[in-house]
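Per-entry structural report
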Amino acid sequence: MHDSAVTQLSLIRQLKFCAGHRLYRHESKCAFFHGHNYRVDIEVVAAGGGVEVDSVGRIVDFSLIKQRMLSWLDANWDHAFLIFEEDSNALAAIRMVEPTKYFVMPSNPTAENMARYLLEVVAPGVLGNLGVVARKVAVWETDESCAVATLTGDAGGVGLALAAAVLIDDRYDR
Ligand SMILES: [Zn+2]
């Protein structure tokens, strides 16, 4: 191994949920209400850096990542419709259905924006006190297609992202 080489450790956990959406202003069939069996891959690192493990040898127990992330997904996105806040037509339609479950997104519910939302808003909130930071979130919309959101920059950058995330979360919390 090279003298300056450093081994970085991270965990990846897969999570699955089902949700409906449509893409506001999409030029083709994604403008219609439809749904996907989504898969999320979330990668986490120790908040202090990529080399820390606990006395057992873990960054964090896999079950805690699953528990925290999946309970948020179950409560908010699973079997719900994800609708862009500017899509007033879809919002009016979904509010007519009883019972209904929907989640208002600050951006169009593409896989890209969903990955970004999970990384910047959801993960800091639900994983914060575990001593880990989500570094990357991939949202698989089909078996072939996924979008990836990655946190870049130093610890200061992470702090900024967390602060912004809390604001957004308050605004869209229902
Ligand atoms: Zn779709």
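Residues numbered from 1 in each chain as written. Predicted model: local features only at pLDDT ≥ 70, side-chain atom pairs only at ≥ 80, totals over all residues. Heavy atoms only, no water.

Before going further, it helps to examine the overall build of the protein chain. Each helix and strand in the protein chain was counted, giving four helices and six strands. Walking the protein chain from its N terminus toward its C terminus, one meets helices and strands in the order β-β-α-β-α-β-α-β-β-α. Every one of the 174 residues in the protein chain was classed for burial, and the buried ones make up 39%. (Helix = DSSP H or I, 4+ residues; strand = E, 2+ residues; numbered from the N terminus. Buried < 20%, exposed > 50% of the residue type's maximum accessible area, 1.4 Å probe, protein only.)

Right, let's get into the sheet that holds strand S6 (residues 146-150). Read from one edge to the other, the open sheet built from six strands follows the order S4-S3-S1-S2-S5-S6, with strand pairing classed as mixed. In the strand order of this sheet, the two ends are held by strand S4 (102-105) and S6, each with one partner. Recorded for the sheet is a direction-independent mean angle of 35 degrees between the axes of neighbouring strands. Taken together, the eleven bridges between strand S1 (residues 11-21) and strand S2 (residues 34-46) define a ladder with antiparallel strand orientation. Across the sheet, Leu15 pairs through a bridge with Val40, a residue of S2. Relative to the sheet, helix H1 (residues 62-76) contacts S1, S2, strand S3 (80-84), S4 and strand S5 (132-140), its axis offset from that of S1 by approximately 10 degrees. Most of the contacts of helix H2 (residues 88-95) go to S3, to which it runs at about 155 degrees, and overall it touches S3 and S4. (Pairing = 2+ DSSP bridges. Axes fitted to C-alpha atoms, helices over the stretch in contact; angles between N-to-C directions. Contact = heavy atoms within 4.5 Å.)

By size, the foremost hydrophobic cluster in this structure holds 37 residues, and its most contacted members are Ile42, Trp77, Leu118 and Leu127. In terms of residue count, helix H3 (residues 111-127) provides more of this core than any other element does, eleven residues in total. Excluding residues that lie within four positions of it along the chain, Ile42 makes contacts with Leu11, Ile12, Arg13, Leu15, Ile65, Met69, Ala123, Leu127, Ala134, Lys136 and Val137. Residues Ile83, Leu91, Ile94 and Tyr102 belong to the second largest nonpolar core, which totals six residues. (Core = buried A, V, L, I, M, F, W, Y, C linked by side-chain atoms within 4.5 Å.)

Let us look at H3. Each α-helix winds once per 3.6 residues, and so residues spaced three or four apart point in a common direction. Along H3, the helix axis deviates most sharply at Leu118, where the bend reaches about 35 degrees. In terms of residue burial, H3 counts as a mostly covered element, since twelve of its 17 residues are buried. (Bend = angle between axes of the 7 residues up to and from the residue.)

In this section: unusual backbone geometry. Put simply, Glu98 and Pro99 share a cis peptide bond, and its omega is -10 degrees. Tracing the backbone shows Pro99 in the loop between H2 and S4. Not every positive phi belongs to a glycine, and Arg25 is a case in point at roughly 70 degrees. Along the polypeptide, Arg25 turns up in the loop between S1 and S2. Judged by relative accessible area, Arg25 falls into the exposed class, the value being 65%. Although it is not a glycine, His79 sits at a positive phi angle of roughly 55 degrees. Position of His79 relative to the elements: it lies in the loop between H1 and S3.

Moving on: H1. Taking 1.5 Å of rise per residue, 15 residues should cover 21 Å, and H1 covers 21 Å from first to last C-alpha, within 8% of that figure. Those residues of H1 that sit buried are Ile65, Met69, Trp72, Leu73 and Asn76. Down the axis, H1 shows its buried residues gathered within 95 degrees of arc, on one side only. (Expected span 1.5 Å × (residues − 1). Arc of directions from axis to C-beta.)

The protein atoms that coordinate the zinc ion are His21 (NE2), His34 (NE2) and His36 (NE2), at distances spanning 2.0 to 2.1 Å. Using a relative accessible area of 1% as the deciding quantity, one classes His21 as buried. (Donors = N, O, S within 2.8 Å, 3.2 Å for Na, K, Ca; no water.)

With that settled, the discussion passes to the pairing of S4. Across the two faces of S4 the burial is the same, with Tyr102 and Val104 and Phe103 and Met105 all buried. As paired strands, S3 and S4 are joined by four bridges and run parallel to one another. Opposite Phe81, over in S4, you have Tyr102 as the bridge partner. Note on the crossover from S3 through H2 to S4: the handedness is right-handed. (Right-handed = clockwise from strand over helix to strand, strands pointing away.)

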